[in-house]
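An overview of the molecular structure
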Number of protein chains: 2
Amino acid sequence: MKAFSVYGYTQSGKTTTIENIIRELKKRRYSVGSVKEIHYEKFEIDTKGSNTDRHKKAGSELVTARGYFETDVLFPEKLPIEKILSFYDQDYVVLEGVTDYNIPKILSAKSIEEIEERIDEGVFAISGRIANEIDSYKGIPVINSIDNLDALVNLVEEKVFEILPDFDPNCCSACGYDCRTLGIKILRGEANREDCVISKNKVKLFIDDREINMVPFVQNILSNAVKGVVSELDGYKRDAQIRIEIGNENEK
Amino acid sequence: MKAFSVYGYTQSGKTTTIENIIRELKKRRYSVGSVKEIHYEKFEIDTKGSNTDRHKKAGSELVTARGYFETDVLFPEKLPIEKILSFYDQDYVVLEGVTDYNIPKILSAKSIEEIEERIDEGVFAISGRIANEIDSYKGIPVINSIDNLDALVNLVEEKVFEILPDFDPNCCSACGYDCRTLGIKILRGEANREDCVISKNKVKLFIDDREINMVPFVQNILSNAVKGVVSELDGYKRDAQIRIEIGNENEK
């Protein structure tokens, strides 16, 4: 799964840019999901006094509204992007206004001042209203999503890579960099997505069918813990592939 | 995780009953989540013209609104209850208006006619407005959640069990019944939750895809060894299903 963010000040043309990109990606036969970061303190999607709102006010910690044509899971907290992305399995996920995750970004801006204030090394393209005035900024293409959508989405296809982990450098820098630096180097063509050792792992862990990323030393701890038991059993072979499934224990 | 449904006709007092039950369960120090089944064709939680609505209209197949204090994942379909419950990790999940899943139920009714129309073998209590008139129906307690909440929630604690699977009888009837019949027999005290063999045989080991049979104490040793590591990782949930795959290190 690949993901990128379109960010920038309001009225810069963010949502329009995203609408156009989503339509074009779909036209190119990709499956697409999206996430909207809402910078508005009082945001509540539910209607005051609705039954689901009454559940919440009564103390329900997680409320879901299940309709005929939609199912809305209302988590009462700001979830980490990694957790949110675990609900997705599309080819591309477009994030609007998200700047706190390790993914390539398109900066949407109205003016050169806005570019200068917001640009960082994770930006591979610039769009929004400024694209009516300039077509390049310090080597970064500035592309109008209305009259040059093809070029913008070609760039998305070229630059956006499979989601990288986003570990603390103290947890993993096995590729030689921290996760964010690797992301920037991939964008620049100075590294490859395959350089992330997590993707090479031989030890995979799934909790309720969702893969959990493990840094290499945790992979080894788990592998050794398992082999310490399994190697004593009839049927064990060195270098065999081992699969363990532990079901719901129905603990009280 | 335990779950039960409160169902019945509108205006019978369903939501009030659920509000009271949620408050009392929380008072008893349980964590509680809830699901509301919405029987309204046109239900849409999002606001027309909102940025997230624009994402959806542009073709985004899964849209999430991430605010400061809530994260709303808007699935564009009616998800199966089993899938919805996979997002929950509470002690109790209260479902409003859900009748298509294998869980104990409280029937909410205004009249004896409504009871007769809607009651089935999965009902362990009756509540709602009818509770002002009768206190028992064919042996099933009829309890008012306003002036007799303690008794109603005591019954929830007594009757509601860890969620059973809901397999097609052709897939599993290893306990001697189909899953729904087992649920009914547990409610009646004619069977135990532990009779579900799926919950029993909970650790499976495959070496090169061949299942290795383990006596229970070896299953426990392996399970404990794995959980000793896995339970420290982000993403671990009590009652989660765990799968580990350890590849052949010689593979490229």
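Only a predicted model underlies this, so the values are computations on that prediction, with no experimental measurement involved.

Attention now moves to the overall build of chain A. What chain A contains, in helices and strands, is seven helices and 12 strands. Projected onto its principal axes, the C-alpha positions of chain A cover 70 × 55 × 35 Å. Here chain A holds 252 residues, and 53% of them are scored as buried. When contacts within chain A are restricted to residue pairs at least 6 apart in sequence, long-range pairs at least 24 apart make up 54% of them. When the accessible surface of chain A is totalled, it reaches about 11600 Å², and 46% of it is carbon and sulfur.

All names here are of chain B. At their nearest, the axes of helix α1 (residues 14-27) and helix α5 (residues 149-159) sit 10 Å apart, and the two run at 75° to each other. In terms of their interaxial angle, α1 and α5 are classed as roughly perpendicular. Residues Thr17, Asn20, Ile21, Glu24 and Leu25 of α1 form the contact with α5, whose participating residues are Leu149, Asp150, Leu152 and Val153. When its residues are assigned to classes, the contact of α1 with α5 shows five nonpolar, two polar and two charged.

So, about the sheet that holds strand β11 (residues 210-212) of chain A. If you trace the six strands from one edge of the open sheet to the other, you get β11(A)-β10(A)-β12(B)-β12(A)-β10(B)-β11(B), paired in antiparallel fashion. Two strands bound the open sheet, and with one partner strand each, they are β11 of chain A together with β11 (210-212) of chain B. Strand-to-strand twist of the sheet, defined as the mean angle between neighbouring strand axes without regard to direction, takes the value 25°. Direction of pairing for strand β10 (residues 203-207) of chain A relative to β11(A): antiparallel, over a ladder of three bridges. Residue pairing in the sheet places Leu205(A) in a bridge with Ile212(A) of β11(A). Of the strands in this sheet, β10 and β12 (242-246) of chain A together with β10 (203-207) and β12 (242-246) of chain B touch helix α7 (residues 216-230) of chain A, which is tilted by about 90° from β12(B).

Attention now goes to the packing of helix α2 (residues 51-58) of chain A against α1(B). At a minimum axis separation of 8 Å, α2(A) and α1(B) run at an interaxial angle of 20°. Taken together, the axes of α2(A) and α1(B) lie roughly parallel to each other. The chirality of how α2(A) crosses α1(B) is right-handed. Between α2(A), through Asn51(A), Arg54(A), His55(A) and Ala58(A), and α1(B), the contact on the second element is made entirely by Thr15(B), Thr16(B), Ile18(B), Glu19(B), Ile22(B) and Arg23(B).

Bringing the pattern of salt bridges into the picture now. Side chains carrying opposite charge are able to pair once their charged atoms draw close together. In total, this model carries 40 salt bridges over all chains according to the counting rule given. Residue Glu190(A) is joined to Arg188(A) by a salt bridge in which the shortest nitrogen-to-oxygen separation is 3.8 Å. Here Glu190(A) falls in the partly exposed class, since its relative accessible area comes to 45%. Taking the shortest distance from any N to any O, the salt bridge between Glu44(B) and Lys48(B) comes out at 2.7 Å. A relative accessible area of 36% places Glu44(B) in the partly exposed class.

Evaluated as defined, the whole model comprises zero disulfides over all chains. Between Cys172(A), a cysteine without a disulfide, and Cys179(A), which holds the nearest cysteine sulfur, the sulfur-to-sulfur distance is 5.9 Å.

So, about helix α5 (residues 149-159) of chain A. All names here are of chain A. Turning to α5, its buried residues number three or more, namely Leu149, Leu152, Val153, Leu155 and Val156. Down the axis, α5 shows its buried residues gathered within 150° of arc, on one side only. Each element contacted by the buried residues of α5 is listed here: β1 (2-8), α1 (14-27), β5 (92-96), β6 (105-108), β7 (123-127) and β9 (140-141).

We now examine the packing of aromatic side chains. All names here are of chain A. By the definition in use, this model includes nine aromatic pairs over all chains. For the pair Phe4 and Tyr92, a centre-to-centre distance of 6.5 Å together with 80° between the ring planes defines the contact as edge-to-face. Separated by 88 residues along the polypeptide, Phe4 in strand β1 and Tyr92 in strand β5 bring together distant segments of the chain. Grouping residues by exposure puts Phe4 and Tyr92 together as buried. Taking 6.3 Å as the distance between ring centres and 50° as the angle between the ring planes, the aromatic pair formed by Tyr68 and Phe69 counts as tilted.

Calculation criteria
Each chain carries its own residue numbering, running from 1 in the written order of its sequence. Following the order in which they are written, the chains are lettered starting with A and the ligands numbered starting with 1. Totals for whole chains, interfaces and linings use every residue, but because this is a predicted model, local features are given only for residues with pLDDT of at least 70 and side-chain atom pairs only at 80 or more, for both listing and counting. In computing side-chain properties, one takes all heavy atoms of the structure into account and sets aside hydrogens as well as water. Secondary structure elements are taken from DSSP: a helix is a run of H or I of four residues or more, a strand is a run of E of two residues or more, and numbering for both begins at the N terminus. Exposure classes here rest on a 1.4 Å probe applied to the protein chains alone. A residue is buried below 20% of its type maximum, exposed above 50%, and partly exposed in between. Note on definitions: a residue-residue contact is assigned when non-hydrogen atoms from the two residues lie within 4.5 Å. Areas reported as accessible are Shrake-Rupley estimates using a 1.4 Å probe. Residue values count occlusion only from the protein chains shown. Lines fitted to C-alpha atoms define the axes, with helix axes restricted to the stretch in contact, and inter-axis angles between N-to-C directions lie between 0 and 180 degrees. Put simply, angles under 35 degrees are roughly parallel, angles over 145 are roughly antiparallel, angles from 65 to 115 are roughly perpendicular, and the rest are oblique. Classification used: nonpolar for Ala, Val, Leu, Ile, Met, Phe, Trp, Tyr, Cys and Pro, charged for Asp, Glu, Lys and Arg, polar for all others including Gly. What makes two strands pair is DSSP finding at least two bridges between them. Crossings are classed by handedness, with left-handed meaning an anticlockwise turn of the near helix from the far one by less than a right angle and right-handed meaning a clockwise turn. Salt bridges, as used here, are contacts in which a Lys or Arg side-chain nitrogen is within 4 Å of a carboxyl oxygen on Asp or Glu. By disulfide we mean two sulfur atoms from cysteines, separated by a distance within 2.5 Å. Directions drawn from the helix axis to the C-beta atoms are what define this arc. Stacked, edge-to-face and tilted are the three classes for Phe, Tyr and Trp ring pairs, Trp counted by its six-membered ring, which pair at centre distances within 6.5 Å; planes under 30 degrees apart are stacked, over 60 edge-to-face, the rest tilted.

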